[in-house]
Amino acid sequence: MAEAKEAYISILEKKLAELTGIEVDQIKKNQFANAADEAVAIREMASYVEGIVVQQAGVAQAGTVSPQIAQMFAHINAELGEERGAHALPPLKYDFNALEPHISGMIMEIHHTKHHQGYINNLIAATKKLVEAEAANDVSAMNALLPAIKFNGGGHLNHTIFWTNMAPDAGGEPQGAVAQAIDESFGSFQSFKDKFSAASVGVKGSGWGWLGYCPNQNKLEIATCQNQDPLQITHGLVPLLGLDVWEHAYYLQYKNLRADYVKAFFNVINWENVNERYENARKNAGH
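Here we summarise the structure given alongside this text. (Residues numbered from 1 in each chain as written. Predicted model: local features only at pLDDT ≥ 70, side-chain atom pairs only at ≥ 80, totals over all residues. Heavy atoms only, no water.)

Before going further, it helps to examine helix 4 (residues 105-135). Between its first and last C-alpha, helix 4 extends 44 Å over 31 residues, near the 45 Å set by a 1.5 Å rise per residue. Residue His-111 marks the point of greatest curvature in helix 4, where the axis turns by about 30°. Downstream of helix 4 by a residue or two, Asn-137 has a phi angle that is positive, lying close to 55°. (Helix = DSSP H or I, 4+ residues; strand = E, 2+ residues; numbered from the N terminus. Expected span 1.5 Å × (residues − 1). Bend = angle between axes of the 7 residues up to and from the residue.)

It is worth spelling out helix 8 (residues 189-201) at this point. Between its first and last C-alpha atoms helix 8 spans 18 Å; for 13 residues at 1.5 Å apiece the expected length is 18 Å, and the two agree. Taken together, the buried positions of helix 8 are occupied by Phe-189, Ser-191, Phe-192, Phe-196, Ser-197 and Ser-200. Turning to helix 8, the residues buried within the fold contact helix 7 (177-186), strand 1 (207-214), strand 2 (219-226), strand 3 (238-244), helix 11 (258-265) and helix 12 (271-284). (Buried < 20%, exposed > 50% of the residue type's maximum accessible area, 1.4 Å probe, protein only. Contact = heavy atoms within 4.5 Å.)

Moving on: the packing of helix 4 against helix 6 (residues 146-164). Two measures define how a pair of helices packs: the angle their axes make with one another and the distance between the axes. Interaxial distance between helix 4 and helix 6 falls to 8 Å at its minimum, and their mutual angle equals 145°. Considering only the axes of helix 4 and helix 6, their crossing is left-handed. Contacts between helix 4 and helix 6 pair Met-108, His-111, His-112, His-116, Gly-118, Tyr-119, Ile-120, Asn-122, Leu-123, Ala-126 and Leu-130 from the former with Ala-148, Ile-149, Phe-151, Asn-152, Gly-153, Gly-155, His-156, His-159, Thr-160, Phe-162 and Trp-163 from the latter. Taken together, the residues of the contact of helix 4 with helix 6 break down into eleven nonpolar, eleven polar and no charged. (Axes fitted to C-alpha atoms, helices over the stretch in contact; angles between N-to-C directions. Left-handed = near helix turned anticlockwise from the far one by under 90°. Nonpolar A, V, L, I, M, F, W, Y, C, P; charged D, E, K, R; others polar.)

Along the chain, Ala-223 turns up in strand 2. Ala-223 sits 28 residues away from Lys-195 along the chain, and the two C-alpha atoms are 10.0 Å apart. Ignoring sequence-local partners within four residues, the contact set of Ala-223 consists of Trp-208, Gly-209, Trp-210, Leu-231, His-235 and Leu-237.

Okay, the packing of helix 7 against helix 8 next. One way to put it is that helix 7 packs onto helix 8 with a least axis distance of 8 Å and a crossing angle of 75°. Compared by their axis directions, helix 7 and helix 8 come out roughly perpendicular. Within the contact between the two elements, helix 7 uses Ile-182, Asp-183 and Phe-186 and helix 8 uses Phe-189, Ser-191, Phe-192 and Lys-195. A per-class count over the contact of helix 7 with helix 8 returns four nonpolar, one polar and two charged. (Parallel < 35°, antiparallel > 145°, perpendicular 65-115°, else oblique.)

Right, let's get into the nonpolar core. Met-166, Phe-192, Leu-220, Leu-241, Tyr-261 and Phe-265 are the most contacted members of the largest nonpolar core, which has 68 residues in total. Split by domain, the residues of this core number at least three in each of domain 1 (1-165) and domain 2 (176-285). (Core = buried A, V, L, I, M, F, W, Y, C linked by side-chain atoms within 4.5 Å. Domains from an automatic or database assignment.)

On to the environment of Lys-93, then. Among the secondary structure elements, Lys-93 is positioned in the loop between helix 3 (67-80) and helix 4. Sequence spacing of Lys-93 and Trp-163 is 70 residues, and the spatial spacing of their C-alpha atoms is 8.3 Å.

Counting across every chain of the model gives two salt bridges. Between Glu-79 and Arg-277 there is a salt bridge whose closest N-O contact spans 2.8 Å. Of the two residues, Glu-79 sits in helix 3 while Arg-277 sits in helix 12, which places them 198 residues apart along the sequence. The partly exposed category is assigned to Glu-79, whose relative accessible area is 26%. Overall, the relative accessible area of 14% leaves Arg-277 in the buried class. The residue Glu-134 makes a salt bridge to Arg-84 at a minimum N-O spacing of 2.8 Å. Separated by 50 residues along the polypeptide, Glu-134 in helix 4 and Arg-84 in the loop between helix 3 and helix 4 bring together distant segments of the chain. (Salt bridge = Lys/Arg side-chain N within 4 Å of Asp/Glu carboxyl O.)

As a further point, take the packing of aromatic side chains. Under the criterion given, the structure shown has 18 aromatic pairs. Relative to Phe-151, the ring of Tyr-119 has its centre 5.4 Å away and its plane inclined at 65°; by these criteria the two rings are edge-to-face. Taken together, the residues span a long stretch of sequence, with Tyr-119 in helix 4 and Phe-151 in helix 6 at a distance of 32 residues. Since its relative accessible area comes to 0%, Tyr-119 is described here as buried. Ring geometry for Phe-189 against Phe-192: centres 6.1 Å apart, planes inclined by 40°, an arrangement best described as tilted. Placement of the pair is Phe-189 and Phe-192 together in helix 8, with a separation of three residues, close to one helical turn. On the basis of relative accessible area, Phe-192 is assigned to the buried category, the value being 0%. (Phe/Tyr/Trp six-rings, centres within 6.5 Å; stacked < 30°, edge-to-face > 60°.)

Time to look at the sheet that holds strand 3. Strand order across the open sheet formed by three strands is 2-1-3, with antiparallel pairing between neighbours. If you trace the sheet from one side to the other, it starts and ends with strand 2 and strand 3, each paired once. Shown here is a sheet whose adjacent strand axes are inclined to one another by a mean of 25°, direction ignored. Across eight bridges, strand 1 lies against strand 2 in antiparallel orientation. When the bridges of strand 2 are listed, Gly-209 appears paired with Thr-224. (Pairing = 2+ DSSP bridges.)

This is how it looks when you write it as structure tokens:
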């Protein structure tokens, strides 16, 4: 098994070199550099959590706890059924290499087992510190934990949705109720595709492109979020389809050509999952 995997990687590396004219060792260096950027962000957030000092009961200052803390855990619970602090890496419903040639197995394996797991580890650590702050009634410490809870909780939530939004032998045009909603909201599927692609490619730095459902207006909207900010807290939209445009998600395969990665993403969209999310969102909104 190990020898077969190494042989496969070797073939992939040679093909990449032929297609790009760039030696894979250099591509790997670039990929690792970009992956390191997120790894650094994850480590920095872990250090930030560790550095928060909870005051003893009676010393801590009272105040108002940000409602976004509870909202973040509520959204995670709704998606994964996880209670606060009991977070785990959700298994993929397909093999790492099942999305090839559109998204490489190497990218999927690193992305799922390293980056997503890093967010989960930090979220658990932040939750433990939150429990400590709540026991001491230290509102200042609770609110100081909000950036860590949003960043890591958002990373956990966003990636969980992302994995389910993709499937092998998928893509094409949507079917069902969401297809009609896309036509009503954007005029046509092609119009949606163009607008979603432009928004995702245009994200400054790291972030996400989203198709979301607006419960108040009962329509679909396209939005973007920076870093790991969750869509529902940021824009009030229920997430239906998310695209990770952090460079680690595509650099090994597409280098700095984010537009090519976004184009390839449409070949793996699990429209059945998106439609199911849409129907559930409308039902929960009473429409």
